Amino acid sequence: MPNPALTINGQPMGFAMAPETPLLWALRDGANLTGTKYGCGVGDCGACMVLIDGAAQPSCQITLAEAEGRVVTTIEGLGAEGPGGSHPMQRAMLAEQAVQCGFCTPGIIIAAAGLLARDADPTDAEIGAALTNLCRCGTYPRLIRAVRRAGTEMRRTAAPVESMIR
Ligand code: FES
Ligand code: FES
């Protein structure tokens, strides 16, 4: 298997790409996982967020070499093994009609999933600190409602995090 190798959405994957390639481009161009979006390329917008070992990080700011051996979850893998094949945050975004153009949506769902995995009952301040993503459509009030809704579902069902992140 070509190096560097990492686990993406539960599957071991190797890339015949330069080690300094940003993970974002390995995902999009190497693995055809285009749900992870390119926005700013400098770590500011959050469009490229993925979970790395369970924590949300901008994939434009980590190289393939740095990601070697890590466990990466993209929007395509989030919740794939959960009830209904989706994560509570994905369902909450629909229920709260928090998706407008949708460009920021994968990154926001990933950032929220990372937060909710640590704490399914975050305060507004904690939600604000975790969701630094930019949304040019201005869906912020709905996003906060969606995080609260997803947290409520997760507390009610107490679904194990491992069943939602692979
Ligand atoms: S594209 Fe990575 S943070 Fe904007
Ligand atoms: S929904 Fe359009 S950028 Fe957020």
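Caption draft 1: Up close: the nonpolar core. Of all hydrophobic cores here, the largest spans 47 residues; its most connected members are Met89, Ile109, Ile110 and Ala112. With 8 residues, the single largest contributor to this core is helix H4 (residues 105-118). A domain split of this core shows at least three residues from each of domain 1 (5-73) and domain 2 (83-159). Beyond its immediate stretch of four places on either side in the chain, methionine 89 contacts Ile109, Ala112, Ala113, Leu116, Ala146 and Ala150.

Caption draft 2: Structural context of helix H6 (residues 140-157). For H6, spanning 18 residues, the distance from its first C-alpha to its last is 26 Å, which sits close to the expected 26 Å at 1.5 Å a residue. Among all positions of H6, only Leu143, Ala146, Val147, Ala150, Gly151 and Met154 are buried. In an axial view of H6, the angular spread of the buried residues amounts to 135°, which keeps them on one side of the axis. Of the exposed residues in H6, the ones pointing more than 90 degrees away from its buried face are Pro141 and Arg156. Taken together, the buried residues of H6 touch helix H3 (88-95), H4 and helix H5 (124-130).

About the cut-offs
- Along each chain, numbering runs from 1 in the same order as the chain's sequence is written.
- A letter from A marks each chain and a number from 1 marks each ligand, given out in the order of writing.
- Where local features are concerned, this predicted model is filtered to residues with pLDDT of at least 70; where side-chain atom pairs are given and counted, the filter is 80 or more; whole-chain, interface and lining totals use all residues.
- We call a set of buried Ala, Val, Leu, Ile, Met, Phe, Trp, Tyr and Cys residues a nonpolar core when their C-beta atoms link them within 7 Å.
- Between the buried cut of 20 or more and the exposed cut of 12 or fewer other C-beta atoms within 10 Å of a residue's own C-beta lies the partly exposed class, and all C-beta atoms are placed from the backbone.
- By the criteria applied, helices consist of DSSP H or I runs no shorter than four residues and strands consist of E runs no shorter than two, each listed in order from the N terminus.
- What marks off one domain from the next here is an automatic or database domain assignment.
- By the convention adopted here, residues are in contact when the distance between their C-beta atoms, placed from the backbone, does not exceed 7 Å.
- Expected helix span is computed as 1.5 Å times (number of residues minus one).
- The arc in question is traced by the directions running from the helix axis to the C-beta atoms.

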